[in-house]
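# Summary of structural features
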Amino acid sequence: MSTNHHPDDATIMAYAAGTLPEGFTLVLAAHLESCPRCQERVAEAQALGGQLLAALAPASLPSGGLAEVWERIEAVPAAEPTRRRAAAWDGIPGVLAPYLDSDLDGIPWRSLVPGIRQHVLEGVASGNGSVRLLAIAPGFTIPHHSHRGGELTLVLRGSYTDEIGRFRGGDLADLDSSVRHQPVADTDEPCICLIATDDRLRFSG
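Reference entry: report on the structure contained in this document.

## A few points about the overall build of the protein
When you go through the protein residue by residue, the secondary structure sums to 4 helices and 12 strands. Taken along its principal axes, the extent of the C-alpha atoms in the protein is 65 × 35 × 30 Å. In the protein, buried positions account for 40% of the 205 residues. In the protein, once contacts between residues fewer than 6 apart in sequence are set aside, the share between residues at least 24 apart is 67%. Carbon and sulfur atoms provide 55% of the accessible area of the protein, an area that totals close to 11,400 Å².

## Looking at the sheet that holds strand β12 (residues 201–203)
Read across the sheet, 3 strands follow the order β9-β4-β12 without closing on themselves; strand pairing throughout is antiparallel. In this open sheet, the two strands that pair with only one neighbour each are β9 (180–181) and β12. Bridge count for strand β4 (residues 145–147) against β12 is 3 bridges, and the pairing is antiparallel. From the neighbouring strand, S146 faces β12, where its bridge partner is R202.

About the criteria used
- Residues numbered from 1 in each chain as written.
- Predicted model: local features only at pLDDT ≥ 70, side-chain atom pairs only at ≥ 80, totals over all residues.
- Heavy atoms only, no water.
- Helix = DSSP H or I, 4+ residues; strand = E, 2+ residues; numbered from the N terminus.
- Buried < 20%, exposed > 50% of the residue type's maximum accessible area, 1.4 Å probe, protein only.
- Contact = heavy atoms within 4.5 Å.
- Areas by Shrake-Rupley, 256 points an atom, 1.4 Å probe, with all protein chains shown as cover.
- Pairing = 2+ DSSP bridges.

Structure representation (structure tokens):
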């Protein structure tokens, strides 16, 4: 299935520069697993960043600076190996494997309202927002809302339609505070999305 919706250039540049918030980084990394177009965009942004760094005048390190850097590196404890799962759009992207214990069908969902369930990913920094999996039953609608900050939404299964267009598996919605929308699951299976926000939503319906 072809991907029709992608992150904007500013999001790609922030990801390549390492300045994108952790929650948004996780969602974008999941999108990149199956999107060659955005993989190329990230590579181009990283190359551009390398060229800009190469153009900077060199700066000298203070005495003992390099030794201090190595001491800090060696002082960091080795990370525990994490379980990885192969990416698959009918399941879970590999980058999400450390946060989940099962595939999409085995997730311990919590009901928010009839037809809408969520599973919050713990331990992912996202400012005043959150990172969560959201499952919308066929024909059900998320209440009309806008955003106090940004939101990245990646469709993992099913699809939804809103004022922007139709989003299917692999599509990513890159939204800011100017967007007002009301997504509705428009297939005969639940629409499951990975969503990161950096602030609370404003509901108007």
